[in-house]
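Here is what each chain is made of, one letter per residue.
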Amino acid sequence: EAVAADWMLEFACCCLCRHFGEECPAEFRRWRDVAQALINGLSKIPTHQKKTVYLCQLLIRIAKGKNLECHFENDQRISPLESALSFWTLLEREEIKLVKLHEDIRRLIQIQIVAVHMENGYFKEAAEVLERLFTDSESDKPLRVKLATVVKSKDPYVPLLQSFSYNLLISKIKSYIELFVKENESNFLIQAATKQVESKGLGATALQNKTVNVNENDKRNLETKRRFVLSIILLREMLRQMQNCCLNVESSLVWMYINCVLGLNSLQNVEKHGDASACGRRRQRWTYKEDLELKSGIREFGVGNWAKILVHGDFNNRTSVMLKDRWRTLCRIE
């Protein structure tokens, strides 16, 4: 369970970063809930996962940064951005390479904490938050003085706030995300699954039995197949252990397991018909019956729960991504 949660947190963080960067709010919210459930399940944050946890918490708060009715702290005065600043401080402590980018983002968060209050007409609260941000009178004195002047003017459209806008903050966060993902690439799942395979004495035999019709010259395709096979083996073993131990597994996590599998289920088609057939499957026309199954699934589980809809519906070699794309098409048609 610890191994599964470890990898899943990395995966959830990766999904959060991607959907934050692509500005997909529905998918971001979905993975936000998964990441939060995983983080809440940690009794203690492992050292190697600190940056991952801090980044997830940062993005979740930045996404809600303009909503002053949303609270992440027990102190109701603390806005989402002020809470985000505390996690940004923790991230800064974990790395020292990106000094300039760190300073830029810290300054932007501080400015926008004040700006968001002023945009909502909370001038008194803006003054109070300014005091909390700069408890040390000598810390970043020039910025503190400028913000104090802005608060006194009660004008949320002064040049300072316009120059250091919320959009600029989002842009800088995206730049940081790109660097984070690039520097923290992990093959954790493959390594863990390989150990599991070797411990069961399956080794190369399992791969040989599963990866038929593989183009030996296409290393990328081979890697995809290996990821799938090892994921299935690890998944099967984890679920078996969970059942034996009678663990009460969060339902959202179980669906995440299933979604990981279903997201790669094109391997079965590659094995049976080759890569060309898999490409042809993507062009396969949707039937009237499948459309009805999709609509029925959405009524039962709601838009966005594509993995659940896929498992419970009668579809012809579809993936959760295909269901999402088809629903968008149906919405446009109707």
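The coordinates are above.
The structure displayed is predicted, hence computed values, not measured ones.

A. Fine view of helix 6 (residues 123-133). Taken as a whole, helix 6 has its buried residues at Ala126, Val129, Leu130 and Leu133. Projected onto a plane normal to the axis of helix 6, the buried residues spread over an arc of 110° and lie on a single side. When the buried face of helix 6 is taken as reference, the exposed residues oriented beyond 90 degrees from it are Lys124 and Glu131.

B. Quick peek at the packing of aromatic side chains. One pass over the full model with this rule turns up seven aromatic pairs. When the ring of tryptophan 88 is compared with that of tyrosine 176, the centres are 5.0 Å apart and the planes differ by 80°; the resulting orientation is edge-to-face. Here tryptophan 88, found in helix 4 (residues 80-94), pairs with tyrosine 176, found in helix 9 (residues 166-183); they are 88 residues apart in sequence, far enough to count as distant. You can call tryptophan 88 buried: its relative accessible area is 0%. Residue class for tyrosine 176 comes out buried when judged on its relative accessible area of 1%. Ring centres of tryptophan 286 and phenylalanine 315 lie 6.2 Å apart, and the angle between their planes is 70°; this geometry places the pair in the edge-to-face category.

C. A look at unusual backbone geometry. Positive phi, normally seen in glycine, also occurs at glutamate 23, with a value near 55°. Mapped onto the elements, glutamate 23 comes out in the loop between helix 1 (2-22) and helix 2 (25-40). Glutamate 23 gets classed as exposed once you look at its relative accessible area, which sits at 56%. With phi around 55°, lysine 154 is a residue other than glycine that occupies positive phi space. Looking at the secondary structure, you find lysine 154 in the loop between helix 7 (141-153) and helix 8 (159-163). Relative accessible area serves as the criterion here: at 53%, lysine 154 is assigned to the exposed category.

D. Structural detail: the nonpolar core. Counting residues in hydrophobic clusters, the biggest one holds 59 residues, and the most contacted among them are Leu55, Leu58, Leu59, Ile62, Val114 and Leu169. When neighbours within four sequence positions are excluded, leucine 55 is seen to be in contact with Cys13, Cys17, Leu91, Tyr176 and Phe180. Counting 11 residues, the second largest nonpolar core, distinct from the first, contains Trp286, Leu294, Met322 and Leu330.

E. Spotlight on the pattern of salt bridges. Inspection of the entire model under this criterion finds 13 salt bridges. Close ionic contact of aspartate 291 with arginine 326 constitutes a salt bridge, the shortest N to O distance being 2.8 Å. Pair noted here: aspartate 291 is in helix 16 (residues 288-301) and arginine 326 is in helix 18 (residues 320-333), with a separation of 35 residues, a long-range link. Residue class for aspartate 291 comes out buried when judged on its relative accessible area of 10%. Here arginine 326 falls in the buried class, since its relative accessible area comes to 17%. One network of salt bridges, with partners in common, ties together Lys100, Asp104, Arg107 and Lys172.

Conventions adopted
Residues numbered from 1 in each chain as written. Predicted model: local features only at pLDDT ≥ 70, side-chain atom pairs only at ≥ 80, totals over all residues. Heavy atoms only, no water. Buried < 20%, exposed > 50% of the residue type's maximum accessible area, 1.4 Å probe, protein only. Helix = DSSP H or I, 4+ residues; strand = E, 2+ residues; numbered from the N terminus. Arc of directions from axis to C-beta. Phe/Tyr/Trp six-rings, centres within 6.5 Å; stacked < 30°, edge-to-face > 60°. Core = buried A, V, L, I, M, F, W, Y, C linked by side-chain atoms within 4.5 Å. Contact = heavy atoms within 4.5 Å. Salt bridge = Lys/Arg side-chain N within 4 Å of Asp/Glu carboxyl O.

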